[in-house]
Amino acid sequence: MTASHRIPAMDVLRGCAVMGILWMNITAFALPQNAYFNPAVAGPPSAADIIAWAISLIAIDSKMRGLFGLLFGASMLLLIDREEMAGRDGRQSQLIRSGWLFVIGCAHFLLLWWGDILRVYAVVGLFAMLFVNLEPFALVKRAMLFFLFQFLICAAFIGSLYLWDSAAAAPGAGGALREGYATFMAALSDPASPATQAEIATYRGGFIGIVQHKLAGLLGEWLWGFLFTAFETLGFMLLGMAMLKGGFLTGNWDADQYRRTARHCFLIGLPPMVALALWVWFSGFAPLPAFGVALAWSLPFRIPLTVGWAALILWLLARHRTHPLVARLAAAGRLTLSNYLGTSIVMTAIFYGWGLGLFAQVPAAALPLFVLGGWAAILLWSKPYADRFALGPAEWLWRSLIRGQPQKIRKSS
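Throughout this document, residue positions are counted from 1 along each chain, in the order its sequence is written. With pLDDT at 70 or above as the cut-off, local features in this predicted model cover only qualifying residues; side-chain atom pairs require 80 or more to be listed or tallied, and sums for whole chains, interfaces and linings still use all residues. Heavy atoms throughout the structure, all of them, feed into the side-chain values; hydrogens and water do not.

(A) Spatial organisation of the overall build of the chain. A run of H or I in DSSP becomes a helix once it reaches four residues, and a run of E becomes a strand once it reaches two; helices and strands are each numbered from the N terminus. A tally of helices and strands in the chain yields 18 helices and 0 strands. Values of the radius of gyration come from C-alpha atoms, whereas the globule rule sets the reference at 2.2 Å times the count of residues to the power 0.38. For the chain, the C-alpha radius of gyration of 21 Å lies close to 22 Å, the compact-globule estimate for 413 residues. Dimensions of the chain, computed from C-alpha atoms along their principal axes, come out at roughly 70 × 45 × 40 Å. Counting all 413 residues of the chain, 52% fall into the buried class. What makes two residues a contact is simply this: any of their non-hydrogen atoms within 4.5 Å. Pairs at least 24 residues apart make up 77% of the contacts formed inside the chain by residues separated by at least 6 positions. Relative accessible area decides the class of each residue, using a 1.4 Å probe on protein chains only: under 20% of the type maximum gives buried, over 50% gives exposed, and in between gives partly exposed.

Dropping the structure here:
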């Protein structure tokens, strides 16, 4: 989108989301992959580690990704409308846009970070186009249906792990069954497991070895990751379309409406999330409760909390529109793709072996310090850059690929 088509409230939401997602992603940058679900994978957690994990699980995990989903769905509508008003085929433009986003996501995955979400957004966005003409209430109903599908898929998978657990513990269970189950559970909870140690060695190694590791598991990791996120992402995209059509995401609601919405959503979502975090803690971070909560049991409560975050941010915006921080957050939102990819460049350079090699060496409780540094960098560079340039570096590349020729990047004087 060019500056003339920006919606300030959505830019602020994007800026908050790209900063918030770094809080959650820092674990996946710095620690073995399964530490994202269970802090015990990084070693016996200290009290500070547990507090950091609890804050992430309760308030941040998947909520910022959900916020991105809301905004992606809304942006699709805006793009299609703008293209059609200019006499172009809006759906074809979205197809091209998604295709190049998928390519960028593949490069991000292979060259930088395994946790790329752009590929999922690109593919799911194609399905979301089927619903763009629906009224807000119809969009909300279908969003809830897709959330239900996602929950059933995740719950069925976790249920199969409990069945596997029972079968492995049953008298007469075969050695291969017991060994396979023990190996899988160890990867979800034991820092000394062969899988975890191999992962640490890989990411402390060189760039080529990391790329080869990703290529070896590309198909399986993509399919599992897509399966466990696609319907949820689609639900948030449709919800974002409904919220745009209803004026929520444009900041047109009264401040008190946003405040009441935020309060209701947090009252619905926070108590169950606290209870789930306590369950995992009381279990001693046993693999099945920890993995189940992160993947499935928290899903129904992530929905109101995502909406609650959006309402809270827009309430604060309505009350403090002239605060200097607002302009910096909006600038960060205008450069969302650049900031998202930029954090991957910086964080992998800090933690991977081709950079400083701090992978699996920083305790979880210290990782928020890196997040604060990342936030400071985002806020410091985004506004001066956005004041001079119409597009961020990554946005310029994406737009140029879509249009098939280099786009103007500097603002007109």
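(B) Structural view of unusual backbone geometry. In this structure, Ser62 is a non-glycine residue whose phi angle is positive, near 70°. As for its placement among the helices and strands, Ser62 is situated in the loop between α2 (47-60) and α3 (63-85). For Ser62, a relative accessible area of 5% gives the class buried. In this structure, Ala360 is a non-glycine residue whose phi angle is positive, near 60°.

(C) Summary view of the environment of Val124. Structurally, Val124 can be placed in helix α5 (residues 118-128). The residues touching Val124, leaving out its near neighbours within four places in the chain, are Phe226, Ala230, Thr233, Leu234 and Met237.

(D) Seen up close, empty space enclosed by the protein. Grid spacing is 1 Å over the protein atoms alone, the probe is 1.4 Å, and a cavity is where that probe fits but cannot get out, while a pocket is an open set with protein on both sides within 12 Å along at least five of seven lines and lining residues have an atom within 4 Å of a point. Grid points are joined across faces, edges and corners, and a volume is the space filled by probe spheres set on the points. Counted under the stated rule, the structure contains 3 cavities of 30 Å³ or more. Around the largest cavity, the lining is made up of 23 residues, and of these Met24, Thr27, Ala52, Trp53 and Ser56 lie nearest the centre. For the lining of the largest cavity, the secondary-structure elements that each account for two or more residues are α1 (8-30), α2, α13 (287-297) and α17 (367-388). Classification convention: Asp, Glu, Lys, Arg as charged; Ala, Val, Leu, Ile, Met, Phe, Trp, Tyr, Cys, Pro as nonpolar; all other residues, Gly among them, as polar. Looking at the lining of the largest cavity residue by residue, the class counts come to 20 nonpolar, 2 polar and 1 charged. By volume, the second largest cavity amounts to about 40 Å³. Lining of the second largest cavity is provided by Val18, Ile21, Leu22, Asn25, Phe29, Tyr340, Thr343 and Ser344. Every element with two or more residues in the lining of the second largest cavity is listed here: α1 and α16 (336-351). Residues that form the lining of the second largest cavity fall into these classes: 5 nonpolar, 3 polar and no charged.

(E) Summary view of the environment of Ala143. Assignment of secondary structure puts Ala143 in helix α6 (residues 136-169). Accessibility expressed as a relative area gives 0% for Ala143, which makes it buried. Among residues more than four places away in sequence, those in contact with Ala143 are Gly235, Leu238 and Leu239.

(F) Local environment of helix α12 (residues 255-282). Take the residue count of a helix, subtract one, and multiply by 1.5 Å to get its expected span. Counted at 1.5 Å a residue, the expected span for α12 with its 28 residues is 40 Å, and the 40 Å between its end C-alpha atoms agrees. Note on bend: at a given residue it equals the angle between the axes fitted to the 7 residues ending there and to the 7 starting there. Its maximal kink placed at Phe266, α12 deviates by approximately 25°. What α12 keeps buried is the set Tyr258, Thr261, Ala262, Cys265, Phe266, Gly269, Met273, Leu276, Ala277 and Val280. Buried residues belonging to α12 abut α2, α3, α13 and α14 (299-319). N-capping of α12 is provided by Asp254, with a side-chain oxygen placed 2.9 Å from the backbone N of Asp256. Looking at the residues trailing α12, positive phi occurs at Gly284, about 75°. The term polar contact refers here to a pair of N or O atoms within 3.5 Å; inside protein, the definition further demands a hydrogen-donor-capable atom paired with an acceptor-capable atom, and it admits residues adjacent in sequence only when both atoms are side-chain atoms.

(G) A look at the pattern of salt bridges. Note on definitions: salt bridges are taken to be side-chain nitrogens of Lys or Arg within 4 Å of carboxyl oxygens of Asp or Glu. As enumerated under the stated definition, the model contains 10 salt bridges in all. The partner of Arg6 in a salt bridge is Asp11, with the nearest N and O atoms 2.6 Å apart. Judged by its relative accessible area of 19%, Arg6 is buried. Look at the salt bridges and you will find they share partners, linking Arg6, Asp11 and Arg14 into a network.

(H) Spatial organisation of the nonpolar core. Take the buried Ala, Val, Leu, Ile, Met, Phe, Trp, Tyr and Cys residues and link them wherever side-chain atoms come within 4.5 Å; each set so joined is a nonpolar core. Residues Leu67, Leu238 and Phe351 are the most contacted members of the largest nonpolar core, which totals 115 residues. Ranked by residue count, the leading element in this core is α1, at 16 residues. In this structure, Leu67 is in contact with Leu13, Ala17, Thr306, Ala310 and Ile313, ignoring residues within four places of it in sequence. Counting residues in hydrophobic clusters, the runner-up holds 13 residues, among them Ala168, Tyr181, Met185 and Phe291.

(I) Examining the environment of His323 more closely. For His323, the position within the fold is in the loop between α14 and α15 (324-334). Look at His323 and you get partly exposed, because its relative accessible area is 44%. Polar side-chain contacts of His323 include one of 3.0 Å to the backbone nitrogen of Leu325.

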